[in-house]
Amino acid sequence: MASGALPPGFPAVEIDGEYYWDGGVVSNTPLYRVLTEQPQRDMLVFQVDLWSAQGELPHDMPGVAERSKEIQYSSRTRLMTEYMHESRRRQRLLQELLALVPPERRADPAYRRAECEANGALVNLIHLIYRDKPYEGHYKDYEFSAASMHGHWRSGLADMRHTLAHPKWFEAPPADRPFVTHDVHRE
């Protein structure tokens, strides 16, 4: 129920005495959760972002409101993607360094702790970022008319078709780059 509670258009929803808004208010794309549930597993991840970091300089108050939301939501996604990229790079480096430790030293508690932090899993992230339409405004996060939804679906379908036209993107990344990101709008 809370996934439809989007401020300011829809109020928080009460569940067992607690009030909730849509999870996107905190994390629009919960990449951290996806990558830490089974961290030792190679993954192909599709991250859908409805807000773009790229945008026009606003020239009026509605434009400022719209651009502010775009920055607010997209910066969290970008920050988490960069954090997970760096985290996986370090985990992979740690795994490579642990392989250099002689077998007689591997019973050491420090080695055991480091072994728990090391990770050789590969992540291939396909980032799909919705690109605004010129007629949309600052209310797009709570405007769910049939025409708008059909437009969003058509846009998403076009992005997926464009993405699927790059079969190399679906291959596992090389070991020296354990976390790679692809974006149809940047390629």
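Here we summarise the structure given alongside this text. (Residues numbered from 1 in each chain as written. Predicted model: local features only at pLDDT ≥ 70, side-chain atom pairs only at ≥ 80, totals over all residues. Heavy atoms only, no water.)

## Some words on a nonpolar patch on the surface
Inclusion rule: Residues qualify for a patch when their relative accessible area is over 30% and they have no salt bridge, like charges being joined within 9 Å and the nonpolar side chains of Val, Leu, Ile, Met, Phe, Trp and Tyr within 5 Å. To be clear on the numbers: accessible area is Shrake-Rupley with a 1.4 Å probe, and residue cover counts the displayed protein chains and nothing else. By definition here, a salt bridge exists when the distance from a side-chain nitrogen of Lys or Arg to a carboxyl oxygen of Asp or Glu is within 4 Å. Elements are defined by DSSP. Helices are runs of H or I of four residues or more, strands are runs of E of two residues or more, and each kind is numbered from the N terminus.
Side chains of M1, I15 and Y20 sit close together on the surface and give an oily, nonpolar patch of about 330 Å² of accessible area. Considering the arrangement of structural elements, one finds M1 in the segment before strand 1 (13-15).

## With respect to the packing of helix 2 (residues 61-98) against helix 3 (residues 109-117)
Our working rule: Think of each axis as a best-fit line through the C-alpha atoms, taken over the contacting stretch in the case of a helix, with angles from 0 to 180 degrees between the N-to-C directions. Note on angle classes: values under 35 degrees are labelled roughly parallel, values over 145 roughly antiparallel, values of 65 to 115 roughly perpendicular, and the remainder oblique. Should the near helix be turned anticlockwise from the far one by less than a right angle, the crossing is termed left-handed; should it be turned clockwise, right-handed. Every residue pair with non-hydrogen atoms within 4.5 Å of one another is taken to be in contact. Here the term charged refers only to Asp, Glu, Lys and Arg, the term nonpolar to Ala, Val, Leu, Ile, Met, Phe, Trp, Tyr, Cys and Pro, and the term polar to all other amino acids, Gly among them.
In the contact formed by helix 2 and helix 3, the axes pass within 9 Å of each other and the chain directions differ by 140 degrees. Taken together, the axis directions place helix 2 and helix 3 in an arrangement best described as oblique. Regarding helix 2 and helix 3, the two cross each other, and that crossing is left-handed. Between helix 2 and helix 3, the contacting residues are Q91, L94 and L98 on the first element and Y111, A114, E115 and E117 on the second. Class assignment of the residues belonging to the contact of helix 2 with helix 3 gives a composition of four nonpolar, one polar and two charged.

## Remarks on the nonpolar core
Generally speaking, nonpolar side chains in soluble globular proteins are found buried as a group. To keep it simple, the criterion reads: Only buried residues count toward a nonpolar core, which is a set of Ala, Val, Leu, Ile, Met, Phe, Trp, Tyr and Cys residues joined through side-chain atoms within 4.5 Å. Categorising residues by exposure relies on relative accessible area from a 1.4 Å probe, with only protein chains included: less than 20% of the type maximum marks a residue as buried, more than 50% marks it as exposed, and the intermediate range marks it as partly exposed.
In terms of nonpolar packing, the biggest core is built from eight residues, these being L31, L35, M43, V45, M84, V123, L125 and F179. Every element with two or more residues in this core is listed here: helix 1 (31-37), strand 3 (43-49) and strand 4 (123-129).

## A few points about the pairing of strand 4
Using the following cut-off: By this definition, two strands are paired if DSSP reports at least two bridges between them.
Of all the seven residues making up strand 4, seven are buried; the element is thus mostly covered by neighbouring parts of the structure. Where strand 3 and strand 4 come together, seven bridges link them in parallel fashion. Of the residues in strand 4, the one forming a bridge with V45 is L125. Summarising the sheet, strand 4 and strand 5 (residues 179-183) pair through five bridges and their orientation is parallel. Its bridge partner being in strand 5, N124 is matched across the sheet by V180.

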